[in-house]
Structure formats: structure tokens, C-alpha cells
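Coordinate analysis (summary)
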Amino acid sequence: MSPESVTPGSVRSAAEVNEQIRALWMRAGGSLSAQERAEYELLVVEWAAAIRGEVIKAA
């Protein structure tokens, strides 16, 4: 997945994004390339937004 394929305002759950983050780290063997680092950063932002959305829904 390229960083461009992460859609702003994604409707994926935090669990789905977390699983993708874990898969990225597994594929990378614990050391991210510059491209993987960019993908990771976008995934973390998406994950944080999903967490916030889930907390707001729970409230």
C-alpha cells in the first residue's frame, strides 16, 4: 500500500487500522524503509482518528 492509498476520513475501525500497522511491521521485519515509514505515519494518524471516533460514539 502506498501512502496515497490511505483515504482521509476513512471509515475503517481502529482495530482494522491497527491490524494493518501490525502487518506492516511484520513485513518490514522491524525496520521500516522511508516509504514504509511514510505509510506507517499515515496509518497512525488514521488509527488515532478512528479511536477518537469510537470514543465519541461510546459517549
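Further up the page is the structure itself.
Since the model is a prediction, treat every value here as computed from it, not as a measurement. Throughout, a residue's number is its position along its own chain's written sequence, starting from 1. Confidence filtering applies because this is a predicted model: local features only for residues at pLDDT of at least 70, side-chain atom pairs given and counted only at 80 or more, and all residues used for totals across whole chains, interfaces and linings. Only hydrogens and water are set aside when side-chain values are computed; all heavy atoms of the structure are taken into account.

**A few points about the overall build of the protein**
What counts as a helix is a DSSP run of H or I of at least four residues, what counts as a strand is a run of E of at least two, and both are numbered from the N terminus. Secondary structure assignment for the protein yields two helices and zero strands. Taking all 59 residues of the protein together, 22% fall into the buried category. The criterion used for residue contact is that any of the two residues' heavy atoms lie within 4.5 Å. The long-range share in the protein, meaning contacts at least 24 apart out of those at least 6 apart in sequence, stands at 57%. Only the protein chains shown count as cover for residues, with accessible areas throughout obtained via the Shrake-Rupley method and a probe of 1.4 Å. Total accessible area on the protein is roughly 4,100 Å²; 60% of this is exposed by carbon and sulfur atoms. Exposure classes here rest on a 1.4 Å probe applied to the protein chains alone. A residue is buried below 20% of its type maximum, exposed above 50%, and partly exposed in between.

**Considering the pattern of salt bridges**
Put simply, a salt bridge is a Lys or Arg side-chain nitrogen that is within 4 Å of an Asp or Glu carboxyl oxygen. For the structure on display, the rule yields two salt bridges. Measuring nitrogen to oxygen at the nearest pair gives 2.6 Å for the salt bridge that ties E46 to R12. Here E46, found in helix α2 (residues 34-58), pairs with R12, found in the segment before α1 (14-28); they are 34 residues apart in sequence, far enough to count as distant. In this structure, E39 and R27 form a salt bridge, with 3.8 Å as the shortest nitrogen-oxygen distance.

**Observations concerning the nonpolar core**
The tendency in soluble globular proteins is for nonpolar side chains to be buried side by side. Working definition of a nonpolar core: buried Ala, Val, Leu, Ile, Met, Phe, Trp, Tyr and Cys residues. They are joined through side-chain atoms within 4.5 Å. One finds V17, I21, L24, A28, L32 and L43 forming the largest nonpolar core, which totals six residues. Per-element tally for this core: the top contributor is α1, with four residues.

**Focus on α1**
Spanning 15 residues, α1 covers 21 Å between terminal C-alpha atoms, matching the ideal 21 Å at 1.5 Å per step. Inspection of α1 places A14, V17, Q20, I21, L24 and A28 among the buried residues, and these make up the whole buried set. One face of α1 carries all of its buried residues, which in axial projection span an arc of 125 degrees. For α1, exposure combined with an orientation more than 90 degrees from the buried face picks out A15, E19, R22, M26 and R27. Downstream of α1 by one or two residues, G29 has phi in the positive range, about 70 degrees. Expected helix span is computed as 1.5 Å times (number of residues minus one). Each C-beta atom gives one direction from the helix axis, and the arc is the one those directions make.

**Describing a nonpolar patch on the surface**
To count toward a patch, a residue needs a relative accessible area over 30% and no salt bridge; like charges are then connected within 9 Å, while nonpolar side chains (Val, Leu, Ile, Met, Phe, Trp, Tyr) are connected within 5 Å. Together, W47, I51 and V55 give the surface a local cluster of nonpolar side chains, amounting to about 250 Å² of exposed area. Inspection of the secondary structure puts I51 in helix α2.

**Remarks on the packing of α1 against α2**
Axis lines are fitted to C-alpha atoms, over the contacting stretch for helices. Their N-to-C directions set the angle, which ranges from 0 to 180 degrees. In contact at an axis separation of 8 Å, α1 and α2 are set at 160 degrees when each is read in the N-to-C sense. Between α1 and α2, the angle falls in the class roughly antiparallel. Of the two possible hands of crossing, α1 and α2 adopt the one that is left-handed. Side by side, α1 and α2 meet where A14, V17, N18, Q20, I21, L24, W25, R27 and A28 of the first sit next to E36, E39, Y40, L43, V44, E46, W47, A50, I51 and E54 of the second. Small angles under 35 degrees read as roughly parallel and large ones over 145 as roughly antiparallel, with 65 to 115 read as roughly perpendicular and the rest as oblique. Take the far helix as your reference; a near helix turned counterclockwise from it by less than a right angle gives a left-handed crossing, and one turned clockwise gives a right-handed crossing.

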